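One-letter residues, chain by chain:
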Amino acid sequence: MKPKLMAPLAAVLLLATASHGAEQSYPSRPIRVIIPTAPGGGSDAMMRVMGQKWTEAWGQQVVVDHRVGAGQTIGISLTAQAAPDGYTMALVNPSHAINATLMPNLPYDPLRDLAAITVTSTQPYAVTVTNSLPVRTVQDFIALAKSKPREINMASSGPGSASHLAGEMFMSMAGVQLTHVPYKGTGGAMPDLISGRAHFYVNPMLAMITQIQAGRIRLLAVTSPRRVTAMPDVPTVAESGVPGYEATSWYMLLVPSRTPASLIAKIHGEAVKALQSKEVTELLARGASEPVANTPREATEFLKVEIARWGKVIKQAKVTVQ
């Protein structure tokens, strides 16, 4: 070998050795999980329980970092731009797929710049109303809404959010006109729903179940295609007068796209263990949710399908954000 080639080759070997060593010792410092929504939602509840399981397994603290704004793109951008070393990841919801169509000038590519670890869980949305509204069923609500067009306020977790689009789809398929009132996440909307300033809210069950069980808001239906096992007496929207209505929420773990495959496999393995733990399965069951824990490849294909599905809803409802 020629002497002038020795230095570059040595540098490459040194870099590879250092990289391998870093992966072998991972994690050696705290891990940051960015949640691009406000505190108090379902992703917050899930990640804190999962994070505790990771801390027990790895001996490193898992820091939940809420980075809210710009339709969740601020937090996801930070993840896409982070070092691909496994110490920064994000837990996202359907808004990540929605933004691919809703925001054509995203500062990142949802598929190219981020790598999926797994879909942690799926869950129905809860169709809820404030207790002061004189309705007990979806049919009651539709009748009231038709008698008072645009007088009923529909809360959402933000313009273009999954809860917004689920509500828009409900309005379109039920033939009602509601007034959309966007909030900054579940934590912003819930006080107004409880007080009666907001009247109607379609949001992931995991984020709503505590207030439903406490009797502070009223659950009318679930958005899944079938009734959920944990709530057999709660009807679906489809069987309550809006045939064909279906919407499913989910959470997905992402890391920067250049993260080494060995690190992705290690994070995936611990994510699966956490999702199979008693603490997480009980949390999910309380929110009528189901663990998924699929492979990175399966999660990526799932995301592609979701981008196409929500893109169709956006175009049909003609939803835009300023």
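Structure's up top.
Residues numbered from 1 in each chain as written. Predicted model: local features only at pLDDT ≥ 70, side-chain atom pairs only at ≥ 80, totals over all residues. Heavy atoms only, no water.

Visitor: Can you lay out the layout of surface pockets for me, pointing to particular residues and giving the numbers?
Guide: A volume near 440 Å³ is recorded for the largest pocket. In this structure, the largest pocket is lined by 34 residues; those nearest its centre are Thr-37, Gln-72, Ser-157, Ser-161 and Gly-185. Examining the composition of the lining of the largest pocket, we find that three residues originate from one element, helix H4 (residues 95–102), more than from any other. Here the residues of the lining of the largest pocket sort into 14 nonpolar, 19 polar and one charged. Within this model, the second largest pocket holds a volume of roughly 360 Å³. Lining the second largest pocket are 16 residues, and of these Pro-124, Ser-224, Val-228, Ala-288 and Glu-290 lie nearest its centre. Counting residues per element, the lining of the second largest pocket draws most heavily on strand E4 (residues 114–130), which supplies three residues. By residue class, the composition of the lining of the second largest pocket is six nonpolar, six polar and four charged. (1 Å grid on protein atoms, 1.4 Å probe; cavity = no way out; pocket = protein on both sides within 12 Å on 5 of 7 lines; lining within 4 Å. Points joined across faces, edges and corners; volume = space filled by probe spheres on them. Helix = DSSP H or I, 4+ residues; strand = E, 2+ residues; numbered from the N terminus. Nonpolar A, V, L, I, M, F, W, Y, C, P; charged D, E, K, R; others polar.)

Visitor: Hey, could you go over the nonpolar core for me, with residue numbers and the actual values?
Guide: Formed by 53 residues in total, the largest nonpolar core has its most connected members in Phe-141, Phe-170, Leu-178, Phe-200, Tyr-245 and Met-252. Ranked by the residues each element gives to this core, the list is headed by helix H6 (residues 162–174), at seven residues. Setting aside residues up to four positions removed in sequence, Met-252 forms contacts with Ala-90, Leu-91, Val-92, Ala-116, Thr-118, Val-119, Thr-120, Ala-299, Phe-302 and Leu-303. Of all hydrophobic cores here, the second largest spans 29 residues; its members include Tyr-26, Trp-54, Met-89 and Ile-267. (Core = buried A, V, L, I, M, F, W, Y, C linked by side-chain atoms within 4.5 Å. Buried < 20%, exposed > 50% of the residue type's maximum accessible area, 1.4 Å probe, protein only. Contact = heavy atoms within 4.5 Å.)

Visitor: Talk me through the packing of aromatic side chains; I want residue IDs and the actual numbers.
Guide: A full pass over the atoms with the stated rule returns eight aromatic pairs. Arranged with centres 4.4 Å apart and planes meeting at 15°, the rings of Phe-141 and Phe-200 form a pair that is stacked. One end of the pair, Phe-141, is in helix H5 (residues 138–147); the other, Phe-200, is in strand E7 (residues 200–204), and 59 residues separate them in sequence. Here Phe-141 and Phe-200 have matching classes, each one buried. Measuring from ring centre to ring centre gives 6.1 Å for Phe-170 and Tyr-245, while their planes differ by 80°; the resulting arrangement is edge-to-face. On the criterion of sequence distance, the pair formed by Phe-170 in helix H6 and Tyr-245 in the loop between strand E8 (217–222) and strand E9 (248–256) is long-range, its members being 75 residues apart. (Phe/Tyr/Trp six-rings, centres within 6.5 Å; stacked < 30°, edge-to-face > 60°.)

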